[in-house]
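A structural walkthrough
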Amino acid sequence: MSIVEFLAGILYLSAATLFVIGLHMMRAPSTARQGNLISAGGMTIAVLTTIVFAVIDSGGDWIGWAALIVGAALGATYGIVRARTVKMTAIPQLVSIFNAVGGGAAAAVAFADFVAHLSVTSLDLTMSIPIALDVAIGSITFSGSLIAAGKLQGIISGKPLTFPGARVINVIAAVIALGAGVLLLLVPPNLPLLLVVLVASLIFGVLMVLPIGGADAPVIVSLLNAFTGLAVAMAGFAIDNQALIIAGALVGAAGTILTLQMAKAMNRSVGAIILGGFGTGDAKTTSGAAS
Amino acid sequence: MIETLFGNLAIFVLSLLVGVEVISKIPSTLHTPMMSAANAIHGVVIAGAIVIASVANSPAGYVLTFTAGALAAANVFGGYVVTDRMLRMFTRPQPTAPTDVTQKDAS
């Protein structure tokens, strides 16, 4: 371990500490805002450390950096403008959109890492497993969160949407994603296979959220938020980056607990919401009664 | 290779446990801000976008870097700003509430 790696590790550790302290302070309304600022401080440390370390470690070429800077500037502008101007009542759907883009970013990171290793004859399992999982989970949260945002916004009907064969298509999409994912681990790096995982997971995400009632949508957004956390952690495994693993796992676990608490506060069980969503008819009756 | 994996797995599992502990029993008014705060934290994926920018060396790599950078930046910047906006509603009444109580007590 070089001195630079050691320093980067220490800085990542302090960023992770600030994330945990920030989340902890968010448990009480009086300290919540300060907690969010502390978490943002941790984020600043993590990002600056990564930039310095990436420049020293591999350098990269100017086109890659230009693509990153232009992309990040556009994304940051969109995020800040929307966050500042959105109506208070429309915040839940905006959070869902931010969750969607997070999942998409995680999938893109794993995809890029895979593309960078296309020339090797066989990819180590410690890399191919997290890449496959990341692309699958990230794509599900991307399309699923967009549908949930549409439901909260009212663009897509808040009623549970089902059509004949929806459940069958969903199962087929899951099986195809799983099959392509497993095959991906057995053969040399194969781009079309990863694309199959990507597309099948996108379809699965759409069909998973469409049948869920608008009243249950916030719980599903929270669940997809936890999914994104796990996708980010998988991206961390793929590119061997501790900041992503720690923050991703933290959000994955915290998001899961939060989902359970939200469902409990609504007197619903997460299982009933999801299974209802898969067409048992439970979500239809319950959310129909709620609305 | 295997030592790196084991170290990362240990970090992963311990972070999961911390995540469970840190969020147990929060008031239901904070559910949405907490979800938004967690959403902002997974914006750390922008660090992943930076890493892939430093290794990108093909047109596909550049396009994916651009995509990851744009999506992750929207997540992290938007996430923190919108969470702060939500939480401002919680902190503002805080200073006025105690003064009201003392005024009542005084009268």
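Residues numbered from 1 in each chain as written. Chains lettered and ligands numbered in written order. Predicted model: local features only at pLDDT ≥ 70, side-chain atom pairs only at ≥ 80, totals over all residues. Heavy atoms only, no water.

- If you look chain B up in an unreviewed UniProt entry, it shows as proton-translocating NAD(P)(+) transhydrogenase from Lacisediminihabitans changchengi.
- UniProt annotates chain B under Subcellular location (unreviewed entry) with the comment "Cell inner membrane". (UniProt positions renumbered as here; feature names shortened; annotations may be inferred.)

1. Brief notes about unusual backbone geometry
All names here are of chain A.
- The phi torsion at Asp-240 lies on the positive side, around 55 degrees, for a residue other than glycine.
- Topologically, Asp-240 is positioned in the loop between helix H8 (217-239) and helix H9 (242-265).
- On the basis of relative accessible area, Asp-240 is assigned to the partly exposed category, the value being 39%.
- Positive phi outside glycine occurs at Asn-267, with the angle close to 60 degrees.
- Along the chain, Asn-267 turns up in the loop between H9 and helix H10 (270-280).
- On the accessibility criterion, Asn-267 (75% relative accessible area) is exposed. (Helix = DSSP H or I, 4+ residues; strand = E, 2+ residues; numbered from the N terminus. Buried < 20%, exposed > 50% of the residue type's maximum accessible area, 1.4 Å probe, protein only.)

2. Details of the interface of chain A and chain B
- Contacts between the two partners involve 91 residues from chain A and, on the opposite side, 78 residues from chain B.
- Summed over both partners, the interface of chain A with chain B buries about 7,400 Å², with 79% contributed by carbon and sulfur atoms.
- Interface area lost by chain A to chain B is led by Arg27(A), Arg33(A) and Met43(A), which between them contribute 9%.
- Joining chain A to chain B, the criterion identifies one salt bridge.
- Between Asp84(B) and Arg33(A) there is a salt bridge, and its shortest N-O distance comes to 2.8 Å.
- Applying the counting criterion to the chain A and chain B interface returns 19 residue pairs in polar contact (both at pLDDT 80 or more).
- Per element, the largest residue contribution to the side of chain A that touches chain B is 17 residues, and it comes from helix H3 (residues 62-85) of chain A. (Contact = heavy atoms within 4.5 Å. Buried area = accessible area lost by both parts, 1.4 Å probe. Salt bridge = Lys/Arg side-chain N within 4 Å of Asp/Glu carboxyl O. Polar contact = N/O pair within 3.5 Å; in protein donor to acceptor, adjacent residues only side chain to side chain.)

3. Some remarks on the packing of aromatic side chains
- Counted by the stated rule, this structure contains one aromatic pair over all chains.
- Aromatic pair Phe237(A) and Phe12(B): ring centres 5.5 Å apart, planes at 70 degrees, arrangement edge-to-face. Taken together, the residues Phe237(A) in helix H8 and Phe12(B) in helix H1 (residues 2-23) connect one chain to another.
- Residue classification places Phe237(A) among the buried positions, given a relative accessible area of 10%. (Phe/Tyr/Trp six-rings, centres within 6.5 Å; stacked < 30°, edge-to-face > 60°.)

4. Regarding H3(A)
- Taking 1.5 Å per residue, 24 residues should reach 34 Å; H3(A) reaches 34 Å between its end C-alpha atoms and fits that length.
- Those residues of H3(A) lying buried are Gly64(A), Trp65(A), Ala67(A), Leu68(A), Gly71(A), Ala72(A), Gly75(A), Ala76(A), Gly79(A) and Ala83(A). (Expected span 1.5 Å × (residues − 1).)

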